[in-house]
Amino acid sequence: MVSKAFMNVNIKNAEVIAANLTKACKCLSSCTVHKRKPSEGRAVDDFELLKRYIMEGEDERAREVALKLVEKGCTPMDVVRKAIKPAMDELGRRFERLEAFLPELMLAAEAVQEVLKAVMPEGKQGIYKGKVVIGTIYGDIHDIGKNIVASMLRASGYEIIDLGSDVHPDTFVEVAKREGANIIGISCLLTPSMYYMRDVIKRLADEGIRDRFHVVVGGAAVYPEWAKEIGADGWAKDADKAVQLCDTLLEKGKKSREPLIFGEWR
Ligand code: B1M
């Protein structure tokens, strides 16, 4: 008897909940009251919205919001700093807490690639600063940050030879020699892969051509002390700083054996 009454109450509750859910779903799919898309909250600015769309892997919506931001006058680096980087850092934290998994990371990465295709500047015509061979080091397939750095360097007047990701140390050296590059740029996000960065510099030294190239390093796993330890010429926190670092190395060279550090670590 008691359990029957209890069940009736629950059935009633379930009906109410179901009715509310139906209303909510209708509102989400065609929101005529709020005239907003599902992720859009009242006080959410466009950067926050873009961050959410990236984390949700909503590439088309992310692209639209990013384009809107650029139309309003935001720079591509604003988009990177205020939406892409925070979104990916947040996903990284969730990944560590087992609240997000590889498929979500991959969807978010695809959304970022769409955003980058839409907002990253083209190469600068009529300016030639030098040639950069860039890639993500061996064992590491993370390429978003490296792509951003490559785009910003290209946009500021560098010729870029992008080796992609998971690049063997020997390949950096062989291509840099063959192409007569001025700078070798190595990105790394994966701690176990950091050790291969050292191999690039060691091979240059072994061949007696260390002074022919500036070696610059960066990426979430790499910190200034590591740049110093492996004998790199510079470390940059982000893509803007990487441009300043490369400009400085080519214009002024390096006065001491210490790497030039552009930006604050963490
Ligand atoms: Co992975 N992943 N991931 N992941 N992933 C990290 C890096 C991690 C920190 C997540 C975590 O645990 N919190 C962790 C590494 C831990 C560590 O070793 N320290 C991790 C792991 C463990 C892994 C796998 C091993 C997971 C697994 O399989 N179990 C695996 C590794 C695969 C491999 O590489 N062999 C893996 C795989 C992946 C995906 C494929 C799913 C995807 C990558 C997709 C892609 O890149 N196409 C992915 C992603 C998306 C991430 C996070 C969430 C985001 C990375 C990112 O794109 N950030 C990342 C967590 C995090 O970073 N907080 C994580 C945004 C980007 C704009 O920032 O690349 O730092 P970033 O670039 C910045 C600056 O660092 C700088 O400029 C950029 C901005 O202006 N910069 C440079 C970058 N390169 C530079 C070079 C320079 C100068 C500046 O000079 C040359």
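Residues numbered from 1 in each chain as written. Predicted model: local features only at pLDDT ≥ 70, side-chain atom pairs only at ≥ 80, totals over all residues. Heavy atoms only, no water.

> Lay out the overall build of the protein chain with the relevant residues and their values.
Within the protein chain, the secondary structure is distributed over ten helices and six strands. The 266 residues of the protein chain split such that 40% are buried. Summarising the internal contacts of the protein chain: among those between residues at least 6 apart in sequence, 69% fall at separations of at least 24. On the protein chain, roughly 15,100 Å² of surface is accessible, and the fraction owed to carbon and sulfur atoms is 55%. (Helix = DSSP H or I, 4+ residues; strand = E, 2+ residues; numbered from the N terminus. Buried < 20%, exposed > 50% of the residue type's maximum accessible area, 1.4 Å probe, protein only. Contact = heavy atoms within 4.5 Å. Areas by Shrake-Rupley, 256 points an atom, 1.4 Å probe, with all protein chains shown as cover.)

> Could you give an account of the confidence of the model for the protein chain, with specific residues and numbers?
Within the protein chain, residue pLDDT values average 87, and 83% of them lie at 70 or more. This model gives residues 1-42 a pLDDT under 50, and the stretch forms 19 contacts once residues within four places in sequence are excluded. (pLDDT = per-residue confidence, 0-100.)

> Now, about helix α3 (residues 59-71): what can you tell me, with residues and values included?
For α3, with 13 residues, the first-to-last C-alpha span of 18 Å sits near the 18 Å given by 1.5 Å per residue. Within α3, burial applies to A62, V65, A66 and L69. For α3, the arc enclosing every buried residue in end-on projection is 100 degrees, short of the 170-degree limit, so these residues lie on one face. Residues of α3 that are buried in the fold lie against α2 (46-55) and α5 (102-119). Remark: G73 follows α3 within two positions and exhibits a positive phi of approximately 110 degrees. (Expected span 1.5 Å × (residues − 1). Arc of directions from axis to C-beta.)

> I'd like a rundown of the sheet that holds strand β1 (residues 130-136), residues and numbers included.
If you walk across this open sheet you meet the six strands as β2-β1-β3-β4-β5-β6, and the pairing is parallel. Of all the strands in the sheet, the pair left with one neighbour each is β2 (158-162) and β6 (260-262). Averaged over neighbouring strand pairs, the angle between their axes works out to 20 degrees when direction is ignored. By the bridge criterion, five bridges tie strand β3 (residues 183-187) to strand β4 (residues 214-218) in an arrangement that is parallel. Opposite S187, over in β4, you have G218 as the bridge partner. Across the face of the sheet, helix α7 (residues 169-179) comes into contact with β1, β2 and β3 while running at roughly 165 degrees to β1. (Pairing = 2+ DSSP bridges. Axes fitted to C-alpha atoms, helices over the stretch in contact; angles between N-to-C directions.)

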